[in-house]
Amino acid sequence: MDLGVSAGDPTADLTAGDPAGDPTCDPAVGDPTCDPAAGDPTCDPAGDPTCDPTAADPTTGDPTTANPTAGDPTTGDPTSDDPTAGRDPLLFLQALQTRWPTKELQQLREEAWQGFAALDDPLTGLLDMLEGGRTGGGQGRSLQAWVACELQRWLQAQPLSLRLAPGSPQLGQLQARAAGVLAGSPLSLTELLVSIFRLQDADRSLLLDHIDRLHERGKFKEAILLSTKLKLQPELDLEKMSTPLLLQNKMNLVERYVDGFPDLQRKLLVLMDSWCQPGFDIRDVARRFPTLTAARLEKLSPKPLSRQVLWLLGRCGMDPALCSNVINQQHLGTLQYLCYKRFVEGSLSQENWADHVRDLVGQSEWLQDRLLQLLASHCGVAMTARCALDLSLPEGRLPATVANELSRLRLQERMVQAGRSLEKPSCKDRSSYYQLPIAREDICFLATWEDLARHGPELLQPGGVVGVDLEWRPLFQAARRPCASLVQLAVEGRVLLLDVPRLAQPPGGRGAQALSQLLGQLFSDLSITKLGYGMAGDLRSLGASCPTLADAEKQMRGVLDLQQVHRQMRLAGVPGPVVDAAGAPRGLSLLVQQVLGKPLDKAEQLSNWDLRPLREEQLIYAATDAYCLLEVYRVLCQDPARFHLSMNLAKSLGPRRSSRSGAQEPPGRQEAPPSPQQVPAAVDEGAAPEVSAKDFHVVCDSMLQGLARSLRCLGVDVRVLGAGEDHRRAAELQAQVGAGRCLSVDCSLKAREQARAVLRHFNVRVTLSDVFSRCQVCNCDQYLKVSKDMMKHLMQLNGHHEDPSGMGEGADVALPVPGPQRVERGVCGDRQPSSELPAGEETTPREDRQGTGSAPEPAPRDCAYDPPCRWLEASDLQTITPATLGNGTRLQLAGVPAGVLWRPGQWPFYCCTGCGKVFWEGSHLGRLTAHFHEVLETPPPQLL
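## Notes on the overall build of the protein
Then step 1. For the protein, the helix and strand inventory stands at 32 helices and 15 strands.
Then step 2. Across the 944 residues of the protein, 52% fall into the buried class.
Then step 3. Accessible area of the protein: about 42000 Å², with a carbon and sulfur share of 52%.

## Let's talk about the sheet that holds strand E11 (residues 783-786)
The pairing of strands in a sheet comes from backbone hydrogen bonds and takes either a parallel or an antiparallel form.
Then step 1. Pairing in this open sheet of three strands is antiparallel, and the strands run E11-E14-E15 from one edge to the other. Here the strands that pair on one side only, and so sit at the sheet edges, are E11 and strand E15 (918-920). Looking at each pair of strands side by side, their axes are set apart by 30° on average, direction ignored.
Then step 2. Where strand E14 (residues 909-912) and E15 come together, three bridges link them in antiparallel fashion.

## With respect to the nonpolar core
Then step 1. Membership of the largest hydrophobic core comes to 82 residues, with the highest contact counts inside it found for Leu126, Val147, Phe197, Leu247 and Leu268.
Then step 2. Residue contributions to this core peak at nine residues, all from helix H4 (residues 139-156).
Then step 3. Of all hydrophobic cores here, the second largest spans 37 residues; its members include Leu591, Ala622, Tyr627 and Val635.

## Regarding helix H11 (residues 262-274)
Then step 1. Given a rise of 1.5 Å per residue, 13 residues ought to cover 18 Å, and the 18 Å separating the end C-alpha atoms of H11 matches this to within 8%.
Then step 2. Here H11 has its buried residues at Leu264, Gln265, Leu268, Leu269, Leu271, Met272 and Asp273.
Then step 3. Those residues of H11 hidden inside the fold are in contact with helix H9 (238-247), helix H10 (251-258), helix H13 (302-316) and helix H14 (324-344).

## Some thoughts on the pattern of salt bridges
Then step 1. The full count for this structure, using the stated rule, is 32 salt bridges.
Then step 2. Salt-bridge contacts for Arg177 lead to Asp128; the nearest nitrogen and oxygen are separated by 2.9 Å. Linking Arg177 in helix H5 (residues 169-182) with Asp128 in helix H3 (residues 122-132), this pair joins segments that are 49 residues apart in sequence.
Then step 3. Taking the shortest distance from any N to any O, the salt bridge between Arg615 and Glu604 comes out at 2.9 Å. Of the two residues, Arg615 sits in the loop between helix H25 (587-596) and helix H26 (616-638) while Glu604 sits in the loop between H25 and H26, which places them eleven residues apart along the sequence. This pair shows no difference in class: Arg615 is buried, exactly as Glu604 is.

## A few points about the confidence of the model for the protein
Then step 1. Across the protein, the average pLDDT comes to 75, with 71% of residues at or above 70.
Then step 2. Of the regions scoring below 50 in pLDDT, residues 421-425 engages in two contacts with residues more than four places distant in sequence or in other chains.
Then step 3. A low-confidence stretch, residues 578-582 stays under pLDDT 50, and its non-local contacts, those more than four residues away or across chains, total eight contacts.

## Some thoughts on the environment of Asp209
Then step 1. As for its position among the elements, Asp209 is in helix H7 (residues 204-216).
Then step 2. Each C-alpha atom of the pair Asp209 and Gly180 lies 9.4 Å from the other, and the pair is 29 residues apart in sequence.

## Regarding the packing of aromatic side chains
Then step 1. Under the criterion given, the structure shown has nine aromatic pairs.
Then step 2. Aromatic side chains Phe343 and Trp353 sit 5.4 Å apart centroid to centroid with 70° between the ring planes, which places their arrangement in the edge-to-face category. With Phe343 in helix H14 and Trp353 in helix H15 (residues 350-361), this pair connects stretches of sequence that are ten residues apart.
Then step 3. Judged by its relative accessible area of 0%, Trp353 is buried.

## Remarks on the sheet that holds strand E4 (residues 494-499)
Then step 1. As summarised here, the arrangement of the six strands in space is E1-E4-E3-E2-E5-E6, forming an open sheet in which the pairing is mixed. Because the sheet does not close on itself, it has two edges, and the strands there are strand E1 (443-446) and strand E6 (559-561). Averaged over neighbouring strand pairs, the angle between their axes works out to 25° when direction is ignored.
Then step 2. Each of E1, strand E2 (465-472), strand E3 (484-491), E4, strand E5 (529-532) and E6 is contacted by H26, which is oriented at about 145° to E2, the strand it contacts most.

## Thoughts on the packing of H13 against H14
Then step 1. Their axes nearest at 10 Å, the elements H13 and H14 cross at an angle of 115°. When the interaxial angle is binned, H13 and H14 end up roughly perpendicular. Along this stretch, H13 crosses H14, giving a crossing that reads as left-handed. For the pair H13 and H14, the contacting residues are Ser306, Val309 and Leu310 in the first and Val326, Ile327 and Gln330 in the second.

## Considering the pairing of E3
Then step 1. For E3, a buried count of eight out of eight residues is recorded, marking the element as mostly surrounded by other parts of the structure.
Then step 2. The pairing of E3 with E4 spans six bridges and is classified as antiparallel. Across the sheet, residue Leu489 finds its bridge partner in E4, namely Leu496.
Then step 3. Counted between consecutive antiparallel strands, the loop separating E3 from E4 contains two residues, among which Gly493 sits at a positive phi close to 85°.

## Description of H25
Then step 1. Within H25, nine of the ten residues are buried, which leaves it mostly tucked inside the rest of the structure.
Then step 2. Residues of H25 that are buried: Gly587, Leu588, Ser589, Leu590, Leu591, Val592, Gln593, Gln594 and Val595.
Then step 3. In this fold, the buried residues of H25 make contact with helix H24 (562-571) and H26.
Then step 4. Positive backbone phi, approximately 100°, marks Gly597, located one or two places after H25.

## A few points about the state of the cysteines
Then step 1. Enumeration according to the criterion identifies zero disulfides in this entry.
Then step 2. Counting only cysteine sulfurs, Cys323 is the nearest neighbor of Cys276, a cysteine outside any disulfide, at a range of 8.3 Å.
Then step 3. With a relative accessible area of 5%, Cys276 lands in the buried category.

## Here we look at unusual backbone geometry
Then step 1. Cis geometry marks the peptide bond from Gln505 to Pro506; its omega dihedral reads -5°.
Then step 2. Within the fold, Pro506 resides in the loop between helix H20 (500-503) and helix H21 (510-524).
Then step 3. Of note, the amide linkage connecting Arg612 to Pro613 takes the cis form, showing an omega dihedral of 0°.
Then step 4. Take Pro613: it is sitting in the loop between H25 and H26.
Then step 5. Positive phi, normally seen in glycine, also occurs at His644, with a value near 60°.
Then step 6. Note on His644: relative accessible area 48%, which makes it partly exposed.
Then step 7. Its identity is not glycine, yet Asn779 carries a phi of approximately 80°, on the positive side.
Then step 8. Counting through the fold element by element, Asn779 comes out in the loop between strand E10 (764-765) and E11.

## A short note on the packing of helix H8 (residues 220-229) against H9
How two helices pack is summed up by the angle between their axes together with the distance between the axes.
Then step 1. Between H8 and H9, the shortest axis-to-axis distance is 9 Å and the interhelical angle comes to 130°. Relative to H9, H8 is oriented oblique. Pair H8 / H9 crosses with left-handed handedness. Residues Phe220, Lys221, Ala223, Ile224 and Ser227 of H8 form the contact with H9, whose own contacting residues are Met241, Pro244 and Leu245.
Then step 2. Considered class by class, the residues forming the contact of H8 with H9 number six nonpolar, one polar and one charged.

## Description of the environment of Glu395
Then step 1. You can see Glu395 is positioned in the loop between helix H17 (381-391) and helix H18 (400-417).
Then step 2. In this structure the C-alpha to C-alpha distance between Glu395 and Ala385, which are ten residues apart in sequence, comes to 9.9 Å.
Then step 3. The residues touching Glu395, leaving out its near neighbours within four places in the chain, are Ala403, Leu406, Ser407 and Arg410.
Then step 4. Reaching out from Glu395, the side chain makes a polar contact with the side chain of Arg410 at a distance of 2.9 Å.

## Details of the environment of Gly799
Then step 1. Considering the arrangement of structural elements, one finds Gly799 in the loop between helix H31 (788-797) and strand E12 (877-879).
Then step 2. Each C-alpha atom, one on Gly799 and one on Ala894, is 9.2 Å from the other, the two residues being 95 residues apart in sequence.

Basis of the calculations
Along each chain, residue indices are assigned from 1 in the same order as the chain's sequence is written. For a predicted model such as this one, the threshold for reporting local features is a pLDDT of at least 70, and the threshold for listing and counting side-chain atom pairs is 80 or more; totals across whole chains, interfaces and linings nevertheless cover every residue. Side-chain descriptors were evaluated using all non-hydrogen atoms of the structure, hydrogens and water having been removed beforehand. Every helix listed is a DSSP run of H or I at least four residues long, and every strand listed is a run of E at least two residues long, numbered separately from the N terminus. The cut-offs for exposure are 20% and 50% of the maximum accessible area for each residue type, with area from a 1.4 Å probe on protein chains only; residues under the lower value are buried, those over the upper are exposed, and the others partly exposed. Each accessible area is a Shrake-Rupley estimate made with a 1.4 Å probe; only the visible protein chains count as cover when residues are assessed. In this description, strands pair whenever DSSP reports at least two bridges between them. Working convention: axes come from line fits to C-alpha atoms, limited for helices to the stretch in contact. Angles between N-to-C directions cover 0 to 180 degrees. In plain words, nonpolar cores are sets of buried Ala, Val, Leu, Ile, Met, Phe, Trp, Tyr and Cys residues tied together by side-chain atoms within 4.5 Å. By definition here, a helix of n residues has an expected span of 1.5 Å times n minus one. Should any heavy atoms of two residues lie within 4.5 Å, those residues are counted as being in contact. In what follows, salt bridge is the name for a side-chain nitrogen of Lys or Arg lying within 4 Å of a carboxyl oxygen of Asp or Glu. Each residue carries a pLDDT score, the predictor's confidence in it, ranging from 0 to 100. Note on aromatic pairs: the rings of Phe, Tyr and Trp (six-membered ring only in Trp) are paired at centre separations within 6.5 Å, and the planes decide the class, stacked below 30 degrees, edge-to-face beyond 60, tilted for the rest. Every angle not falling under 35 degrees, over 145, or within 65 to 115 is termed oblique; those three ranges are roughly parallel, roughly antiparallel and roughly perpendicular. Handedness of a crossing follows from how the near helix is turned relative to the far one, being left-handed for an anticlockwise turn of less than a right angle and right-handed for a clockwise one. Here, a disulfide means two cysteine sulfur atoms that sit within 2.5 Å of each other. Any residue that is not Ala, Val, Leu, Ile, Met, Phe, Trp, Tyr, Cys, Pro, Asp, Glu, Lys or Arg is counted as polar, Gly included; the first ten are nonpolar and the last four charged. Polar contacts, as counted here, are pairs of nitrogen or oxygen atoms within 3.5 Å of one another; within protein the pair requires one atom able to donate a hydrogen and one able to accept it, and residues that are adjacent in sequence qualify only if both atoms are side-chain atoms.

Now the structure itself:
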């Protein structure tokens, strides 16, 4: 309970700490805690306002030696100012009310304790004061909460014999009255009443009625917090209690509500999964709660909601079968990806495709039907029948034409089995790919500790060079970290393939010990150069398979990550090959082509590496991936100037470290294999004519969201293909727009680096007036300017309370203010950090995020440029609660931290008319112009 008073300041206003006059405590804690920093040294921050032993007796500070005559009215002052006069609780409260603003806290406490002792029944007196003082509001409610807190301390200092016994009729009557008082009490006072009157042991029907009244009044948060404290969850309706909180994106409160109740956890998962079924409209649920003004429905769209369900599913350890809608949608996304890889890109073999699809579809009729639809859209009848045969799909579910073709294929198979030969399919021509230069017998598969002991010394030669690579079974959903299935170690003339699953089992066995010892020695030996490509992700997957190697990345010495070398080559402008859409090399394959002349054959990259025995094609692929590192390294060392590199590659040795504290890389392979949403195309090497940013129009696939945001920040009109659109349209863009109009972007670059490459390639002119002229979220270029006073008014009317100390849950969100302006380091905050990342940082944590609750930085004092948008007027609003523009766009007021409203100055807010996003002035403009100073016509503004 924050009274906002310093114990040493006798004139302090006890209500100053709370603008509303209500000493509310942190509802997230669940107990009516008092803030010691706010000036009340006797409040216990543990969560329960229990007695401070040093402050229990106002005269001695010892609760065991309380003065028995302290509350005797015969020893007090008989004047009318005596707060104990008349022993009337309301007169007692009135006397305290007159002294409330002026008395020292210690003196006020002494008088309160004397008054408690003079009351015939302090508990009844407290209820009389609370019932009689309901209309006081503001200061009165603050005083009532303080009186209740002090009474609890006083009661704890009294002998046990004076306390009411549990279950006594008198206590039951008091509990019934206290339950009635709860209806009009703030959360902080409610918590005190629960503790003083032991309402957790009261008649459950009284408590349940109170929870229902809170719910009817729209106090959904208070209802769920109180029911959690009183352990009422099993007796309440889960859907009724949790739905309003889920609509407000308060998932943390709902998780606490069901924590420890497996049956409720299952019901919650089923409820959330039902919202993920195809065709479901979450707005239908929101309409059941018309008083809910802070709904965050964008957080309950299928994708983010599915992520929440999957996270909760793992946290609770529940059966995935509970969430059939989420799992099916997840599998459908994987099927779409696999079909693109197989039939559009052609980078996945039929055998590997069938292995993955067979495990994915299983016996699900829904997924079988969706698979047939995908096959019909990607290939003809013959290929669909071949896939149905490979997957053993039920013939009754097939279209008639496919079923007829399937019968013909089965007849052919019987003819083969009968000895009649069919024309063998021609082998794939691999002459256009890099070829492994060693014999097959020099590829050794090691599956026992004896194998490791026999071949280990070949790897540990001082001064040697070892190529390191790993393979694992692809995980098409980010459900868990991949586990390494194979470790490839290449030395001159030989490749060793280590069977990790077999060697690592059982944990602590001879194989696991030998594996850990060999790799530990190899990784920590500074005299041995280890070559890799994106080794950080590889080593994390190794730690997931073998826990004894979980810290392998920290132990690495003498490492050269060729991915970093490749990055230097790209930044230096080493030309890349012109490739078509189906065979665009990337990552290591691209490096091999640039250095050795031919790319790698990646047909087996997505194969099932957990299968044993591995197929011959898999063994060759794995050995090639590791051995090519040795040859690339040798060529780079022989002629580094040809690749714009330093003469001494050895200076690049050392494990890769992130430049951002706490940054984590995704667990997937670092070479960024091509995905179906990226649009590779030919590059026109001729100089393009200059075009202004506002006249430059771009279409990106959905996997290039970061690039789209970066370009929009610079005023470029960017259209992003949605998840429901046919992504093959992206691959057809080259033919539609003509030569030189379609650019293949490097997926391993950050978004802002991709944006710079796009702007340079197409010769786009960007000025400061273009910066933030478009909303980076929805691409709209129309804003309305909102004064700070109107924003405060809208926030209050829509249930967003002002709090000068609240800084929201995140910080540093872009301000879409077009044009040059003077910028100082200032607060830029948003409660939706996931939707408003700075340009170019879509896959990495924020570099400049401020911590929750950090003090606001100085706001910009003036602007040298007035953005070309008009002020928001009342006539522009279709409704005020919720704040909705005339075009139906709802303003996203919940994303504005209240602390931003308390920054000095009369600077405005800017609302996007397309999506309702609210922006304000801060430091992002200076950072953005610094990132893109090379492509801006004028120098960036200086941060003051």
